[in-house]
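Here's the letter readout for the chains.
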Amino acid sequence: MGEKVHSYSHANFSEMPFHKDSPFGFIFLDLGISSAHFDYFSRGFSFRYDEELDMRMDASKGKSAADVLAKLPEDALVKIFFDYGEEKFARRIARQIVETRKENPITKTPELVKICEKNYPPKYKAKGHAQKHPATRVFQALRIYVNRELEHLEKAVEFFPHELCVGGRFAVITFHSLEDRLVKRAFRSLSQIAQVDPHAKSNFIQGNFREVYSGGITPSVEEIKQNPRARSARLRVLERIR
Ligand SMILES: C[S@@+](CC[C@H](N)C(=O)[O-])C[C@H]1O[C@@H](n2cnc3c(N)ncnc32)[C@H](O)[C@@H]1O
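Residues numbered from 1 in each chain as written. Predicted model: local features only at pLDDT ≥ 70, side-chain atom pairs only at ≥ 80, totals over all residues. Heavy atoms only, no water.

1. A closer look at the site of the ligand
Here comes step 1: The full set of residues close to the ligand is A11, N12, F13, D30, L31, G32, I33, S34, H37, M57 and H152.
Here comes step 2: One of the backbone nitrogen or oxygen atoms of F13 is found 2.9 Å away from a nitrogen atom of the ligand.
Here comes step 3: Contact distances for the ligand include 2.6 Å between a nitrogen atom and a side-chain N or O atom of D30.
Here comes step 4: With respect to the detected pockets, the ligand is housed in the largest pocket.
Here comes step 5: A per-class count over the shell around the ligand returns five nonpolar, five polar and one charged. (Near = heavy atom within 4 Å. Polar contact = N/O pair within 3.5 Å; in protein donor to acceptor, adjacent residues only side chain to side chain. 1 Å grid on protein atoms, 1.4 Å probe; cavity = no way out; pocket = protein on both sides within 12 Å on 5 of 7 lines; lining within 4 Å. Sits in = over half its atoms within 2 Å of the grid points. Nonpolar A, V, L, I, M, F, W, Y, C, P; charged D, E, K, R; others polar.)

Below you can see the structure in the form of structure tokens.
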């Protein structure tokens, strides 16, 4: 049996660090941040701990969340909170960040949490939008922006399928709707090619790929009990058929 070769690369997966070894039988992306980022790295990923507002997955490069909050104009912050966090109160929160930073820079998680809580109308704290902690969406949005997560994922779902051998599979675990929407669309466009023949029975023809589990797979109630962090996970798998 050929010797198993393990190679590691400290790189962004969108840089395709293993392209030279393709084609692959299996490519797996487990997205987002690891529990270690929350529990050990003290980089301000969670609004529950009193930490520096860094949020970089790779702290050796790029701008931290505190840099972003210190420098970006109000409209840019609104766009980040809305596009990457679907935060309904993005404008109020961004306006207060711009006001607050004139006095003191916002560098610690509790300072940002306070601004989010203050800008949540009481009635929302009781229902609907605030079932999550008022800071959840802003923290998610900042993290996605600081790490360019959706841009890197977009590149990966565009290139990785073509790194597969025939019969090879590309699996992705997403943790929120923005990621999942992106993967779902990419897999759909690779497995269903628009039909050009107006007389054809179906609007689509089968592409060189197929989705293995329509709609993806989500965790069982039992798994969520054991690992609550898996509650929003969805696994999607694409197979190369030719
Ligand atoms: C959910 S964790 C993976 C956990 C791992 N499967 C485990 O069981 O321990 C995701 C990891 O991917 C890394 N990551 C996220 N986006 C990345 C990217 N674009 N390129 C390289 N690594 C990335 C994160 O830093 C994090 O360590």
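2. Details of the pattern of salt bridges
Here comes step 1: Summed over all chains, the structure comprises 20 salt bridges.
Here comes step 2: In this structure, the salt-bridge partner of R143 is E149, at a minimum N-O distance of 2.7 Å.
Here comes step 3: By relative accessible area, which is 13% here, R143 ends up buried.
Here comes step 4: The exposure class assigned to E149 is buried, which follows from its relative accessible area of 10%.
Here comes step 5: What you see here is one network of salt bridges that share partners, running through E74, D75, R91 and R95. (Salt bridge = Lys/Arg side-chain N within 4 Å of Asp/Glu carboxyl O. Buried < 20%, exposed > 50% of the residue type's maximum accessible area, 1.4 Å probe, protein only.)

3. Thoughts on the packing of helix α8 (residues 149-159) against helix α9 (residues 177-191)
Here comes step 1: Two numbers describe how α8 lies on α9: the axes approach to 10 Å, and their chain directions differ by 20°. The angle between the axes of α8 and α9 places the two elements in the roughly parallel class. Judged by the sense of rotation from one axis to the other, the crossing of α8 with α9 is right-handed. Contact with α8, carried on its side by E149, L150, L153, E154 and V157, involves L178, E179, L182, V183, A186 and L190 of α9 and no other residues of that element.
Here comes step 2: Taken together, the residues of the contact of α8 with α9 break down into eight nonpolar, no polar and three charged. (Axes fitted to C-alpha atoms, helices over the stretch in contact; angles between N-to-C directions. Helix = DSSP H or I, 4+ residues; strand = E, 2+ residues; numbered from the N terminus. Parallel < 35°, antiparallel > 145°, perpendicular 65-115°, else oblique. Left-handed = near helix turned anticlockwise from the far one by under 90°. Contact = heavy atoms within 4.5 Å.)

4. Observations concerning the packing of aromatic side chains
Here comes step 1: Applying the stated criterion to the full structure yields six aromatic pairs.
Here comes step 2: Grouping aromatic residues by their ring pairs yields a cluster made of F13, F160, F170 and F187.
Here comes step 3: Across the ring face of Y145, the terminal group of R148 is positioned such that the distance to the ring centre comes to 4.6 Å. (Phe/Tyr/Trp six-rings, centres within 6.5 Å; stacked < 30°, edge-to-face > 60°. Lys NZ or Arg CZ within 6 Å of the ring centre and 35° of its normal.)

5. So, the sheet that holds strand β6 (residues 234-240)
Note: strands within a sheet are paired through backbone hydrogen bonds, in either parallel or antiparallel orientation.
Here comes step 1: Read from one edge of the open sheet, four strands run β1-β2-β6-β5, paired in mixed fashion. Two strands close off the open sheet at either side, each with one partner strand: β1 (24-30) and β5 (209-211). Direction aside, neighbouring strands of the sheet carry axes that sit 15° apart on average.
Here comes step 2: As judged from the six bridges shared by strand β2 (residues 164-174) and β6, these two strands associate in the antiparallel manner. Paired with V172 across the strands is R236, a residue of β6.
Here comes step 3: Here α9 sits on the sheet in contact with β2, β5 and β6, set at roughly 20° to β6. (Pairing = 2+ DSSP bridges.)

6. A short note on the environment of S214
Here comes step 1: Structurally, S214 is set in the loop between β5 and α10 (221-226).
Here comes step 2: As for S214 and I27, which are separated by 187 residues in sequence, their C-alpha atoms are 19 Å apart.

7. What about the domain arrangement of the chain?
Here comes step 1: Domain parsing of the chain yields domain 1 (13-30 + 150-240) and domain 2 (35-147).
Here comes step 2: Each of domain 1 and domain 2 has a C-alpha centre, and these two points are 29 Å apart.
Here comes step 3: Between domain 1 and domain 2, roughly 700 Å² of surface is buried when both sides are summed, and carbon and sulfur atoms account for 42% of that area.
Here comes step 4: Between the two partners, domain 1 and domain 2, sit two salt bridges.
Here comes step 5: Its salt-bridge partner being R181, residue E86 comes within 3.4 Å of it at the nearest N-O pair.
Here comes step 6: Summed over the shared surface of domain 1 and domain 2, the result is three residue pairs in polar contact (both at pLDDT 80 or more).
Here comes step 7: Looking at the side of domain 1 that touches domain 2, the elements with two or more residues in it are α8 and α9.
Here comes step 8: Residues that form the side of domain 1 that touches domain 2 fall into these classes: two nonpolar, three polar and three charged. (Domains from an automatic or database assignment. Buried area = accessible area lost by both parts, 1.4 Å probe.)

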